[in-house]
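Reading the structure
The residues making up each chain are set out below.
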Amino acid sequence: DLNALAEEISKMKLVDIKEKYGKQVGKGSSRIVFRIGDGLVAKRAMNQLGLDQNDKEYDVSRWGDTDFVTKVYAISRDYKVIISEEVTPLRKSKFSQAEKDQIGMHTVTGRIDGQRYKGTYEALVGEQWEFLGNFAHKGYIYLDIPNDFGSSVAFTGDFVRPSSWGKRKDGSLVLLDMGY
């Protein structure tokens, strides 16, 4: 049962997780990621930001379009741990044009969260991303963008960093870290 496993890992010290599951496979400013087997990883929060990220990723995976985000199968009651599908992180500084086309990344001009001045930004745009509007927070929503992209909402920040993306075994790109 993956829920029981999330609860178990949540109660473990980091050193004990490393001993039981081996070396961590990823680390950010608020979470550490461990491969736990069978195509699964555990994302363990290290601070409040990590707890918030785990909560949001679980909600997005549960209620959103999981063709574009990693599937999250379980979350501990204290939000310290989520168990999600394992994907291969992108290890590059820029997306290729083909990758941008695949995920719906465009250069847009607009105001971020109602700021006074318009700017030009790389952003995820299109109806495949509109579901994120239910989960977005300050810094991610752009308004007043051209409607020729099929959406009035776009997402930036960690969403457009290659380090926030991975590849599934079938080669499709998937958002593995929504940041904060």
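Summary of the structure given here. Bear in mind that the values here come from a model prediction, so they are computed numbers and not experimental data. (Residues numbered from 1 in each chain as written. Predicted model: local features only at pLDDT ≥ 70, side-chain atom pairs only at ≥ 80, totals over all residues. Heavy atoms only, no water.)

Attention shifts here to the environment of Leu5. Along the chain, the position of Leu5 falls in helix H1 (residues 2–11). In this structure, the C-alpha to C-alpha distance between Leu5 and Ile36, residues 31 residues apart in sequence, is 9.8 Å. With residues up to four places along the chain from it excluded, the contact list for Leu5 reads Tyr21, Ile36 and Ile83. (Helix = DSSP H or I, 4+ residues; strand = E, 2+ residues; numbered from the N terminus. Contact = heavy atoms within 4.5 Å.)

Note that strand S4 (residues 72–75) and strand S5 (residues 81–85) share three bridges and pair antiparallel. Within the sheet, the bridge partner assigned to Ala74 lies in S5 and is Ile83. (Pairing = 2+ DSSP bridges.)

So, on to the pairing of strand S3 (residues 40–45). Counted residue by residue, S3 has six buried out of six residues, so it is predominantly covered. Of the two faces of S3, the one lined by Leu40, Ala42 and Arg44 and the one lined by Val41, Lys43 and Ala45 are each fully buried. Across six bridges, the pairing between strand S2 (residues 31–37) and S3 is antiparallel. Residue Arg35 lies in a different strand from S3, and its bridge partner there is Val41. Counted along the chain from S2 to the antiparallel partner S3, the turn is two residues long, and its residue Asp38 has a positive phi close to 50°. Summarising the sheet, S3 and S5 pair through five bridges and their orientation is antiparallel. (Buried < 20%, exposed > 50% of the residue type's maximum accessible area, 1.4 Å probe, protein only.)

Between H1 and helix H2 (residues 14–21), the shortest axis-to-axis distance is 8 Å and the interhelical angle comes to 125°. Taken together, H1 and H2 sit at an angle that is classed as oblique. For the pair formed by H1 and H2, the contact residues are Leu5, Glu8 and Ile9 on the first element and Ile17, Lys20 and Tyr21 on the second. Here the residues of the contact of H1 with H2 are counted per class, giving four nonpolar, no polar and two charged. (Axes fitted to C-alpha atoms, helices over the stretch in contact; angles between N-to-C directions. Parallel < 35°, antiparallel > 145°, perpendicular 65-115°, else oblique. Nonpolar A, V, L, I, M, F, W, Y, C, P; charged D, E, K, R; others polar.)

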